[in-house]
Amino acid sequence: MIEKSKAAEESPAPEVDVDALIVGAGFAGLLALYKLRQAGFTVLALEASESIGGVWNWNRYPGARCDVESMQYSYSFSEELQQTWEWSERYATQPEILRYIEHVADRFDLNRHIQLNTRVVSATYQAHENAWQIQTNEGQEIRARFCIMATGCLSAARMPEFPGKEKFKGDILHTGHWPKSGYDFTGKNVAVIGTGSSGIQAIPMIAKTANSLTVLQRTATYSVPARNRMLDETEKRAWKENYAQLRETARYAPSGTLYEFGERKAEETPLQDQTDEFEKRWAKGGPGFLRAFSDISSSQIANKAAGDFIRAKIADIVKDPEKRSLLTPATTLPVGSKRICVDTGYFETFNRENVDLIDIRNDPIKGIEENGLSTKKRKLDLDCIVFATGFDVIVGSLMKIDIKGLAGRTLREKWKNGPGTYLGLMVAGFPNLFLVTGPGSPSVLTNMMVSIEQHIEWITACVESMRRQGNDYIDPDEAAESKWMDDANSLAETMPFLRANSWYMASPESGSSPRRFMLYSGGVGKYREICEQVAQQNYPGFNIGARHVVCDVPAELS
Ligand code: N01
C-alpha cells in the first residue's frame, strides 16, 4: 500500500513512509490523493469506514439528497469526467452521489491508495525528523512528511444525551450515521428530534409509511421548496457545452454556486415587485431564493422581507393553527443566519393526520424510557427515535484525533477557546498539517465541491513550490493566524450570522470564549484571491524552510 517516491529514495533526509498522509476518503480525500499523486508525491489515505464517500457514505437517511444542484455539485478537475458522468435529477440523491464518488475512485485508480476500516487515533509531529507520526486504531504507525486532514465538516454525528436512552427497547437512529441496510418505518410509531436540513428531508419520507410520527422541534426553520425534478437532455447539454466557463464563474461567485443573482436591492424595490420576485423564486425552488435581491444578507429590512414571505407561505400551507404557529420562524431570526433548508413537502407533511409536532422549548424532553419518550407534558409510546440533531461541526472530527504539534502541544489545548487557523488552511504550531475546508475558510457557507477543489489545489501547489525550493517545513505565524481570525469575525459582523445562535458560531457553550464566527464569510471569490496572492508572494504569514531549519528549533520546542 505504501509506495516510496524516487525523490524519497534519493533523499538523504530522514525517511518517511509516505510523503502525504490523507485522513478521510470523502470528496476532499479522494481529490487530495489524485492531485498529490499527479504531482509526484507518495500518498496514502486512511478511512475509518468500511467504504469511501465520507458524509455521503454515512448520511443514508430516507430523503437524503444534496441542496446544491447536481450539475454544480461535482468535481471540475477532469473535463472527461464532467462530460461523461450523467446526473439524473436536479438535486442528486445520496445513492447517486455515492455512485459518483465510487466511479471517480475507480476511474482514477484511487482505491489502491486507500486503507479502509482504519481510524486515525493520534497524529504527533516529530520535530527531530520533521514528520508526522500517525497511529491508527489497529496499532499501525505511519510516518508522513505532510498530513492532510480531509476529515469533513459534518462527519461527527452529535447525539445529545437524554437520560434513560440506554433503557429504550426500540431502535435509536441518527441521520448522520444511518445503517447501511436501511430501516423500514412501516407501521411504526416514530419520533424525530431535530428540524435542520437532515430532519426536514427525512420527516416527509418517514411520515409516508410510519403509523405515527411526532416531530420534536427546538427551533422553527426557514425552508424553501426544492422543486426537484429529472434533468432533461437539453439542460444537461447546456451545462456540458459551457462547463469550462460556468465552473470558472462559480469559482468566483459568492458561495461558489451559480444562481440567478438579483441585482436590485429589496429596500429600493416596490412591495409588489418584491413579492413577484420572491414568488418567482419560490416557484423555481432551491436556495437561489436568497439571491432574489442583493441586500438580503446585508440589510435587516430586506432580510425581514424575505423572512416574511416564507412566514406567509407557511401560513398558507399548514392548516392546523397551533402547528402553523409553531412551524413559523421567529421574526427575530434572520433568514440565512443558519443554512436555509430546502425541502420536498416538509410543511405539507404537518397536514397529515399521522404527524404531530411538539415544541420542546415549551415542553422539554424529560427523558427516554423503555417504551418511549416523555416530555414535561406528554408521554409518547415509540418503536423508533430518530436523532436528526446534526454534527459536532467543522472541528468535531479533528477534535476526535489526538493531534500534537510543536512541543507536544495538543490541538485540543490550542483550540480550547475556539478554533484558530491561518487562511483556514493551517494552524500555527502544527507544521506540515493542512486542513481542508477548516475553520476560518468559507467551508460550509459554500458549495463544498468548489471549496474542496480550491483547498486541495492550493495545498498541492504549496508543497510543490516547497519542493522546488528545497523546503519541506511550513508553519503559519501566530500573529498572521490571530489577525486572520479577527478579520473573519469582523467581516461576519456585517452579516446576519451573528444575530442567531447557530453552529456557525464558536460560543461559550461550545467552549469558545469570546463568542466568535468560525468561518470566512467574504465569499469564495474574494477568499480565493487572497489565497492566490499569498501563494504568488511566496507565502507571507508562513515560516517555510528546509529540514535543517527544523533541527535548529529551540530546545523547548523540540
Ligand atoms: O443538523 P443541524 P443537520 N435537543 O445542526 C436540533 C448539511 N446537510 O444534520 O436549531 C433537541 O442543522 C437543532 O435545533 P436548533 C447542511 O450544511 C445538507 O440537519 O439548534 N434538538 C436542529 O433543529 C446542514 O446545514 C443537506 O434549536 C436538538 C437540529 O437538531 C448541515 O448538514 C442535508 C438538540 C440539527 O440541525 C447540518 O444539518 C443534510 C438537542 N439536544 C445536511 N441538538 C443537503 O444538502 C440539536 N437539535 C440538503
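About the criteria used
- Residues numbered from 1 in each chain as written.
- Predicted model: local features only at pLDDT ≥ 70, side-chain atom pairs only at ≥ 80, totals over all residues.
- Heavy atoms only, no water.
- Salt bridge = Lys/Arg side-chain N within 4 Å of Asp/Glu carboxyl O.
- Buried < 20%, exposed > 50% of the residue type's maximum accessible area, 1.4 Å probe, protein only.
- Helix = DSSP H or I, 4+ residues; strand = E, 2+ residues; numbered from the N terminus.
- Pairing = 2+ DSSP bridges.
- Axes fitted to C-alpha atoms, helices over the stretch in contact; angles between N-to-C directions.
- Polar contact = N/O pair within 3.5 Å; in protein donor to acceptor, adjacent residues only side chain to side chain.
- Contact = heavy atoms within 4.5 Å.
- Near = heavy atom within 4 Å.
- Areas by Shrake-Rupley, 256 points an atom, 1.4 Å probe, with all protein chains shown as cover.
- Parallel < 35°, antiparallel > 145°, perpendicular 65-115°, else oblique.
- Left-handed = near helix turned anticlockwise from the far one by under 90°.
- Nonpolar A, V, L, I, M, F, W, Y, C, P; charged D, E, K, R; others polar.

Let us now look at the pattern of salt bridges. Scanning the model with the defined rule gives 32 salt bridges in all. The closest approach of N and O atoms between Arg112 and Asp109, which form a salt bridge, is 2.8 Å. For Arg112, a relative accessible area of 38% gives the class partly exposed. Since its relative accessible area comes to 39%, Asp109 is described here as partly exposed. Across the salt bridge formed by Glu279 and Lys313, the nearest N and O atoms sit 3.1 Å from each other. Within this pair, whereas Glu279 is found in helix H9 (residues 271-284), its partner Lys313 is found in helix H10 (residues 300-317), the two being separated by 34 residues in sequence. With a relative accessible area of 34%, Glu279 lands in the partly exposed category.

Spatially, E13-E14-E15 is the arrangement adopted by the three strands of the open sheet, whose pairing is antiparallel. Every interior strand has two partners, whereas the edge strands, strand E13 (365-369) and strand E15 (379-381), have only one. Taking the axes of each pair of neighbouring strands and ignoring which way they run, one obtains an average angle of 15° across the sheet. Here three bridges tie strand E14 (residues 372-375) to E15, and the two strands are oriented antiparallel to one another. Across the sheet, the residue bridging to Gly372 is Asp381, located in E15.

Attention now moves to the side chain of Asn489. Here Asn489 lies in helix H16 (residues 478-492). Separated by 2.8 Å, the side chain of Asn489 and the backbone nitrogen of Phe517 make a polar contact. Once residues lying within four places of it in the same chain are set aside, the contact partners of Asn489 are Leu498, Arg516 and Phe517.

Thr195, Ser198, Arg218, Thr219 and Lys338 are the nearest of the 26 residues found near the ligand. The backbone of Ser197 places a nitrogen or oxygen atom 2.9 Å from an oxygen atom of the ligand. Between an oxygen atom of the ligand and a side-chain N or O atom of Arg361, the distance comes to 3.5 Å. For the ligand, whose free accessible area comes to 910 Å², the fraction covered by protein is 87%.

For the pair H9 and H10, interaxial distance at closest approach is 11 Å and the crossing angle is 60°. By the angle between their axes, H9 is oblique relative to H10. You can see that H9 and H10 cross each other, and the crossing is right-handed. Residues Gln274, Thr275, Phe278, Glu279 and Trp282 of H9 pack against Ala305, Ala306, Phe309, Ile310, Lys313 and Ile317 of H10. By residue class, the composition of the contact of H9 with H10 is seven nonpolar, two polar and two charged.

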